[in-house]
Amino acid sequence: MSDRSKHLSNQADFQGSQLSSNNLPRARAGTVLAGFFVALPAFLFYAILFRNALNLPILDDYDALLNFLNQITQLNTTSAKAAYFLASQHNEYKLFLTHGIVWLAYSLGGHIDFRILFAIGNGFVLLLAILLWKMFLPNSRDTATRLAYFIPVTCLLFQLQYWETLNWAMTGIQNLGVLVFSLGTIYLLLRGQRSAFYCALASLVLAVSSSGNGIIVIPIGVMILAFERRYLRIASWVVVSAGCIAAYAYHYSTVTSAHSGAHRSVFLTILHMNPAYAIAFIGSAGSVPFKLGSFVLGVLLCVFFAWMVRRGYIRKNPFVSYCVLFLLLTAIGVRSEERRVGKECRS
């Protein structure tokens, strides 16, 4: 290379680095501005919740939490307490995680402060946001652009539309906890590393301990490991899954008392499935404009999901794809259960 060529090359490199240094403050400003609008909904969300939190139980808290404590504290032996902990059931659910947290809080402090339980349940929303951020545009290198596109996600996540789950001890830990641990299990399985797989096993246990629909992660996990040809890991996965199912099945009652009438197990709802109700539940956000809006939106979402699968999106972003599959299967089970309970109440 001639001296003139070297000089021109050095000059181009210098101009390029100068342009980059000039754009750096602008890029940082864009990142800070986008980060501010990402964090703003979370700040308002928790400010409202913490301000309105009261140290009082709500509805199911009396039976699921306080009655559980009344019963288990009267037992004298460790084996009796462990047996009651495994057998304790609230309607069709076993709330191992919720009961464990409540039992630990009472053992440490001698009383229950429901505001702490509210904070734990509400805190799962933040963990869910972090998990979604991990899955969101993973190949993007522009942090400012990635944050800007993530603003609608935080606006949808940190809002009070699902207020019946917020500032409520039992439902917050159960409903939000199972989402975090179930989606977290899928995320860890897809990481592929050995340490991540061990963490996925622990997350699976916590998902099933949170709520019964955490069991849905078990077949999804087998599917992920089978596609990746991790056959030895499938064996470990099946063993841990069998332990979770055995714990859930221990003295499980398929007919429990509900607010009115017989309330059969969630495992029996598969016999009462109605696709129309499941589709309406998937698009429930569309019920605000008009009554059939939820069904229309549900159909559009299902068509969109099928189109994305056809285009091979599951290979491009398996994290999101498997999480959507978990949510769809959960929606089918939840909506079938609601429809069946509604019929029983009317009768």
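Described below are features of the structure shown in this document. Nothing here was measured: the structure is a model prediction, and the numbers come from that model.

### Some details on the packing of aromatic side chains
The description of an aromatic ring pair rests on the distance of the ring centres and on the angle between the ring planes.
So, step 1. Applying the stated criterion to the full structure yields 17 aromatic pairs.
So, step 2. Geometrically, the ring pair formed by phenylalanine 45 and phenylalanine 158 is edge-to-face, given 5.5 Å between the ring centres and 70° between the ring planes. Separated by 113 residues along the polypeptide, phenylalanine 45 in helix α1 (residues 3-52) and phenylalanine 158 in the loop between α6 (143-157) and α7 (169-191) bring together distant segments of the chain.
So, step 3. In this structure phenylalanine 45 comes out as buried when scored by relative accessible area, which is 2%.
So, step 4. What makes phenylalanine 158 buried here is its relative accessible area of 7%.
So, step 5. Grouped by ring-pair contacts, the aromatic residues Phe68, Tyr84, Phe85, Phe96, Trp103 and Tyr248 constitute a single cluster.
So, step 6. The cationic tip of arginine 146 hangs over the ring face of tryptophan 133; the distance from NZ or CZ to the ring centre is 3.9 Å.

### Here we look at the side chain of serine 321
So, step 1. Mapped onto the fold, serine 321 is located in helix α14 (residues 318-346).
So, step 2. Among the polar contacts listed, one links the side chain of serine 321 to the backbone oxygen of asparagine 317, at a separation of 3.0 Å.
So, step 3. When sequence neighbours within four positions are dropped, the list of residues in contact with serine 321 reads Tyr313 and Ile314.

### Describing a nonpolar patch on the surface
So, step 1. A contiguous nonpolar surface patch, about 530 Å² in accessible area, is contributed by Leu292, Phe295, Val296, Val299, Leu300 and Val303.
So, step 2. Structurally, the position occupied by leucine 292 is in the loop between α11 (275-282) and α12 (293-310).
So, step 3. Classification of leucine 292 by relative accessible area gives exposed; the value is 59%.

### So, the packing of helix α8 (residues 194-210) against helix α10 (residues 231-249)
So, step 1. The contact between α8 and α10 brings their axes to 10 Å, and the two run at 15°. Considered as vectors, α8 and α10 are oriented roughly parallel to each other. In the crossing of α8 with α10, the sense of the turn from one axis to the other is right-handed. Here Arg194, Phe197, Ala200, Leu201, Leu204, Val205 and Val208 of α8 lie close against α10, whose contacting residues are Arg233, Ser236, Trp237, Val240, Ser241, Cys244 and Tyr248.
So, step 2. Of the residues contributing to the contact of α8 with α10, the split by class is ten nonpolar, two polar and two charged.

### A look at the pattern of salt bridges
So, step 1. Counted under the stated rule, the structure contains two salt bridges.
So, step 2. Measuring nitrogen to oxygen at the nearest pair gives 3.1 Å for the salt bridge that ties aspartate 113 to arginine 115.
So, step 3. A salt bridge links glutamate 228 to arginine 230; the shortest N-O distance between them is 4.0 Å.
So, step 4. When its relative accessible area of 31% is taken as the criterion, glutamate 228 is described as partly exposed.
So, step 5. Exposure remark for arginine 230: the relative accessible area of 31% places this residue in the partly exposed category.

### Considerations on the environment of alanine 280
So, step 1. Structurally, the position occupied by alanine 280 is in helix α11.
So, step 2. Not counting residues within four places of it along the chain, the set of residues in contact with alanine 280 comprises Ser294 and Phe295.

Parameters at a glance
Residues numbered from 1 in each chain as written. Predicted model: local features only at pLDDT ≥ 70, side-chain atom pairs only at ≥ 80, totals over all residues. Heavy atoms only, no water. Phe/Tyr/Trp six-rings, centres within 6.5 Å; stacked < 30°, edge-to-face > 60°. Helix = DSSP H or I, 4+ residues; strand = E, 2+ residues; numbered from the N terminus. Buried < 20%, exposed > 50% of the residue type's maximum accessible area, 1.4 Å probe, protein only. Lys NZ or Arg CZ within 6 Å of the ring centre and 35° of its normal. Polar contact = N/O pair within 3.5 Å; in protein donor to acceptor, adjacent residues only side chain to side chain. Contact = heavy atoms within 4.5 Å. Patch = residues over 30% accessible without salt bridge, like charges linked within 9 Å, V, L, I, M, F, W, Y side chains within 5 Å. Areas by Shrake-Rupley, 256 points an atom, 1.4 Å probe, with all protein chains shown as cover. Salt bridge = Lys/Arg side-chain N within 4 Å of Asp/Glu carboxyl O. Axes fitted to C-alpha atoms, helices over the stretch in contact; angles between N-to-C directions. Parallel < 35°, antiparallel > 145°, perpendicular 65-115°, else oblique. Left-handed = near helix turned anticlockwise from the far one by under 90°. Nonpolar A, V, L, I, M, F, W, Y, C, P; charged D, E, K, R; others polar.

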